[in-house]
Each structure stands twice: as structure tokens, then as C-alpha cells.
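A closer look at the structure
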Amino acid sequence: MESSRDKAMAEFIRMVRWIVAIGVVVSAGAIAYLAFTGELYLHLVVATLGGVFFSILLGCGLFALSFFSDKSGHDQSVTDSTRSSRDNRP
């Protein structure tokens, strides 16, 4: 039987694969747009690929991590920890 953490990890890996694929497609689209509108230079291509790809990877990756944290039970342990300290106050 698979635990909720294993299921969450499998789903997180699936989401990361989709995020990388979307990042590649959007980066290719950005380079294609730049190629149609002007001359491409090496620095322009590297900066565009780095900026577009890593921005998508960072933004979507952090969002995916928040889902992983919730589904794997990490958020519940923090909620339980803070709830018990609030309940023990005089």
C-alpha cells in the first residue's frame, strides 16, 4: 500500500516534468518571436532562455512545492504543533 507521502512525491515529480516541458515550449516561443522581430545574438538568446525558462521553473516549481507540502502531510504537522501550543496557554 502506497503512503500519502509516496503519492504526493509521485504527483510532484509528474508536475515538475510538466513544468519543465512548458518552460521549454515557452522559451522556444520566445526565441522564435525574437527571431521574427530582429537579429538574434548569442547574449540575447542566452539571456532570454535563462530568464524565461528559469522564471517559469521558479514560479511554477514553488507553487508545486506548496501542493507537495500540503499533500504529503508537512502542513498538518505544523498545524498540529501550533494548535497544541495555543491550547496549552493559561
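Here is a short report on the structure shown in this document. (Residues numbered from 1 in each chain as written. Predicted model: local features only at pLDDT ≥ 70, side-chain atom pairs only at ≥ 80, totals over all residues. Heavy atoms only, no water.)

1. Some details on helix H1 (residues 4-37)
Counted at 1.5 Å a residue, the expected span for H1 with its 34 residues is 50 Å, and the 49 Å between its end C-alpha atoms agrees. Of the positions making up H1, those classed as buried are Ala8, Phe12, Ile19, Gly23, Ser27, Ala30 and Ile31. In this structure, the buried residues of H1 make contact with helix H2 (42-72). (Helix = DSSP H or I, 4+ residues; strand = E, 2+ residues; numbered from the N terminus. Expected span 1.5 Å × (residues − 1). Buried < 20%, exposed > 50% of the residue type's maximum accessible area, 1.4 Å probe, protein only. Contact = heavy atoms within 4.5 Å.)

2. Here's the deal with the packing of aromatic side chains
Any aromatic ring pair is given by two values, namely how distant the centres are and how the planes are angled relative to each other. Considering all chains together, one arrives at two aromatic pairs under this definition. Ring centres of Phe63 and Phe67 lie 5.2 Å apart, and the angle between their planes is 65°; on these two criteria the pair is classed as edge-to-face. Of the two residues, Phe63 and Phe67 are both situated in helix H2; the distance of four residues between them amounts to about one turn of the helix. (Phe/Tyr/Trp six-rings, centres within 6.5 Å; stacked < 30°, edge-to-face > 60°.)

3. Overview of a nonpolar patch on the surface
Taken together, the side chains of Trp18, Ile22 and Val26 make up a nonpolar region of the molecular surface, amounting to roughly 310 Å² of accessible area. Mapped onto the elements of the fold, Val26 is located in helix H1. Judged by relative accessible area, which is 38%, Val26 ranks as partly exposed. (Patch = residues over 30% accessible without salt bridge, like charges linked within 9 Å, V, L, I, M, F, W, Y side chains within 5 Å. Areas by Shrake-Rupley, 256 points an atom, 1.4 Å probe, with all protein chains shown as cover. Salt bridge = Lys/Arg side-chain N within 4 Å of Asp/Glu carboxyl O.)

4. Focus on the nonpolar core
Counting five residues, the largest nonpolar core is built from Ala8, Phe12, Ile19, Ala64 and Phe68. Of all the elements in the fold, those that place two or more residues in this core are H1 and H2. Per-element accounting of this core gives the leading share, three residues, to H1. Aside from chain neighbours lying at most four places away, what touches Phe68 is Arg5, Ala8, Met9 and Phe12. (Core = buried A, V, L, I, M, F, W, Y, C linked by side-chain atoms within 4.5 Å.)

5. Quick notes on the side chain of Thr48
Its place among the elements puts Thr48 in helix H2. At 2.7 Å, the side chain of Thr48 and the backbone oxygen of Leu44 are in polar contact. (Polar contact = N/O pair within 3.5 Å; in protein donor to acceptor, adjacent residues only side chain to side chain.)

6. Thoughts on H2
Relative to the 45 Å expected for 31 residues at 1.5 Å per residue, H2 spans 42 Å between its end C-alpha atoms, a close match to the ideal helical length. Taken together, the buried positions of H2 are occupied by Thr48, Phe53, Ile56, Gly61, Ala64, Phe68 and Ser72.

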